[in-house]
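Fold and contact review
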Amino acid sequence: MPAILDGRKISKDIKGEIAQKVTSIKAEGKRVPHLAIIIVGDDVASHTYVNGKINACKEVGFDFTLMHFASTVSEKKLIKHIEQFNEDEDIDGFIVQIPLPEHISVERITESISPWKDVDGFTNQNFGSIVSRNQRLLPATPFGVMELIRRYEIQTEGKNCVVVGASRIAGAPLSLMLLQDGGATVTVCHKLTENLAGHTKKADILVVAVGKPGLITKEMVKEGAVIIDIGITRVEDTSRKSGFRLVGDVVYDTVAPIAGYITPVPGGVGPMTIVSLLLNTLKAYGVKNA
Ligand code: NAP
């Protein structure tokens, strides 16, 4: 049987460590770290993710602010509020939950966030810092994956890592982190990659961040490989009260028995992304209060 990379457990451990720091901050009579979240529209999944982030703030003792806009809000108005958050001394970090309505440019919104408060790690400056000696606020999901790997003491040095999916928030930054911090030999696959299985089968560590359930089957995986499934898709499930369940990109039931380690979905990378947001907020707080 494979070992489970239990993101839920590791994130709980890390939240415990953060809560202790918050207790010390309070004991010194200082204000606690403060995370703000901007959400636009009424997308149910986005609201669920945001609730998870707010609950995490409550668990560790951070202050939080939630600002909700109607989906008709203009880009100009949103940027005005972002600029206010950039200036607000009381807010250490903030995020704008994506996706955004089509009339709003994610690129322009992201770049209007101060890199010092960009706790999602999406801005060009923070993304670029991955390959510098002065890493700043690292992209949250890849940061969470690297922390999960580190806490399970999985060796990355010299290993063949294959990352399927090359998005700006997941695959691309993670491939750079595996190369830069992990010392791995990294192959990045995407929609145009020919013979995907030819690449994935060579992976000692296979990371998948595509959003296509069933993409990775057991024939595409080397025996004993470490499998990290970032994908999260809601699929209909009438047997559940909610009417849906969450699945990754990897066919878990058949891949897990041949894997060395594997992340479940849910309960693998998702909780690590949230805890990375808290770690980045703590870092932003520390920089400001240094
Ligand atoms: P995205 O922006 O749509 O990027 C998907 C990537 O997959 C793109 O690079 C795309 O290639 C590539 N791709 C598409 N079809 C492919 C195929 N058949 N074979 C190989 N590569 C293919 O998505 P994203 O934002 O990165 O999210 C990906 C998944 O991760 C989603 O399910 C999302 O919900 C999940 N996610 C989870 C977390 C978490 O905390 N667990 C965080 C972020 C995202 P091109 O570049 O060529 O288009």
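Here we summarise the structure given alongside this text. Owing to the predicted nature of the structure, the values given are computational and were not obtained by experimental measurement.

1. Details of the packing of helix 2 (residues 44-60) against helix 10 (residues 269-288)
Where helix 2 contacts helix 10, the axes come no closer than 10 Å and their chain directions differ by 55°. It follows from the interaxial angle that helix 2 and helix 10 lie oblique. Helix-helix and strand crossings are classified by hand; for helix 2 and helix 10 the assignment is right-handed. Contacts from Gly52, Lys53, Ala56, Cys57 and Val60 of helix 2 reach helix 10 at Ile274, Leu277 and Leu278.

2. Overview of the pattern of salt bridges
Scanning the model with the defined rule gives 12 salt bridges in all. Residue Glu28 pairs with Lys30 through a salt bridge whose shortest N-O separation is 2.8 Å. Under the relative-accessibility criterion, Glu28 is labelled exposed at 53%. On the accessibility criterion, Lys30 (42% relative accessible area) is partly exposed. In this structure, the salt-bridge partner of Glu147 is Arg151, at a minimum N-O distance of 2.9 Å. Taken together, the positions of Glu147 and Arg151, both in helix 6 (residues 140-151) and 4 residues apart, correspond to about one turn of that helix. When salt bridges that share partners are traced, they join Glu17, Glu147, Arg150 and Arg151 into one network.

3. Focus on the sheet that holds strand 2 (residues 34-40)
Judged by pairing direction, the sheet is parallel, and its 3 strands sit side by side in the order 3-2-4 without closing on themselves. Bordering the open sheet on either side are strand 3 (63-69) and strand 4 (93-96), each of which pairs with just one other strand. Across the sheet, the mean angle from the axis of one strand to that of its neighbour is 15°, orientation sign disregarded. In terms of strand pairing, strand 2 meets strand 3 through 7 bridges, oriented parallel.

4. Some thoughts on the nonpolar core
Of all hydrophobic cores here, the largest spans 48 residues; its most connected members are Ile18, Phe62, Leu178, Val207, Ile228, Ile230 and Leu278. Considering every element that reaches this core, the biggest residue donor is helix 10, with 8 residues. Of all hydrophobic cores here, the second largest spans 17 residues; its members include Ala203, Met220, Val255 and Ala256.

5. Focus on the sheet that holds strand 1 (residues 3-4)
Across a sheet, paired strands are connected by hydrogen bonds in the backbone, their directions being either parallel or antiparallel. Read from one edge to the other, the open sheet built from 6 strands follows the order 1-11-8-7-5-6, with strand pairing classed as parallel. Both outer strands of the open sheet, strand 1 and strand 6 (185-189), are each paired with one neighbouring strand and no more. In the sheet, strand 5 (residues 160-164) pairs with strand 6 via 5 bridges, with the strands oriented parallel. Bridge pairing links Asn160 to Thr185 in strand 6.

6. With respect to the site of the ligand
Close to the ligand lie 20 residues, the nearest being Ala166, Ser167, Lys212, Ile232 and Thr273. Between the ligand and the protein, one listed contact pairs a nitrogen atom with a backbone N or O atom of Ile230 at 3.4 Å. Element by element, the count of residues in the shell around the ligand is highest for helix 10, at 3 residues. Classifying every residue of the shell around the ligand by side-chain character gives 10 nonpolar, 8 polar and 2 charged.

7. Topic: unusual backbone geometry
When glycine is set aside, most residues are seen to have a negative phi, and most peptide bonds are trans. Note that the residue after Ile98, namely Pro99, is joined by a cis bond; omega there is 10°. Within the secondary structure, Pro99 is located in the loop between strand 4 and helix 4 (106-111). The peptide bond linking Val265 to Pro266 adopts the cis configuration, its omega dihedral lying at 0°. Looking at where Pro266 falls in the secondary structure, it is placed in the loop between strand 11 (261-262) and helix 10. Even without a glycine there, the phi angle at Glu153 is positive, about 55°. Residue position: Glu153 is located in the loop between helix 6 and strand 5. By relative accessible area, which is 71% here, Glu153 ends up exposed. Even without being a glycine, Asn195 presents a positive backbone phi close to 50°. Mapped onto the fold, Asn195 is located in the loop between strand 6 and helix 8 (196-200).

Cut-offs applied
- Residues numbered from 1 in each chain as written.
- Predicted model: local features only at pLDDT ≥ 70, side-chain atom pairs only at ≥ 80, totals over all residues.
- Heavy atoms only, no water.
- Axes fitted to C-alpha atoms, helices over the stretch in contact; angles between N-to-C directions.
- Helix = DSSP H or I, 4+ residues; strand = E, 2+ residues; numbered from the N terminus.
- Parallel < 35°, antiparallel > 145°, perpendicular 65-115°, else oblique.
- Left-handed = near helix turned anticlockwise from the far one by under 90°.
- Contact = heavy atoms within 4.5 Å.
- Salt bridge = Lys/Arg side-chain N within 4 Å of Asp/Glu carboxyl O.
- Buried < 20%, exposed > 50% of the residue type's maximum accessible area, 1.4 Å probe, protein only.
- Pairing = 2+ DSSP bridges.
- Core = buried A, V, L, I, M, F, W, Y, C linked by side-chain atoms within 4.5 Å.
- Near = heavy atom within 4 Å.
- Polar contact = N/O pair within 3.5 Å; in protein donor to acceptor, adjacent residues only side chain to side chain.
- Nonpolar A, V, L, I, M, F, W, Y, C, P; charged D, E, K, R; others polar.

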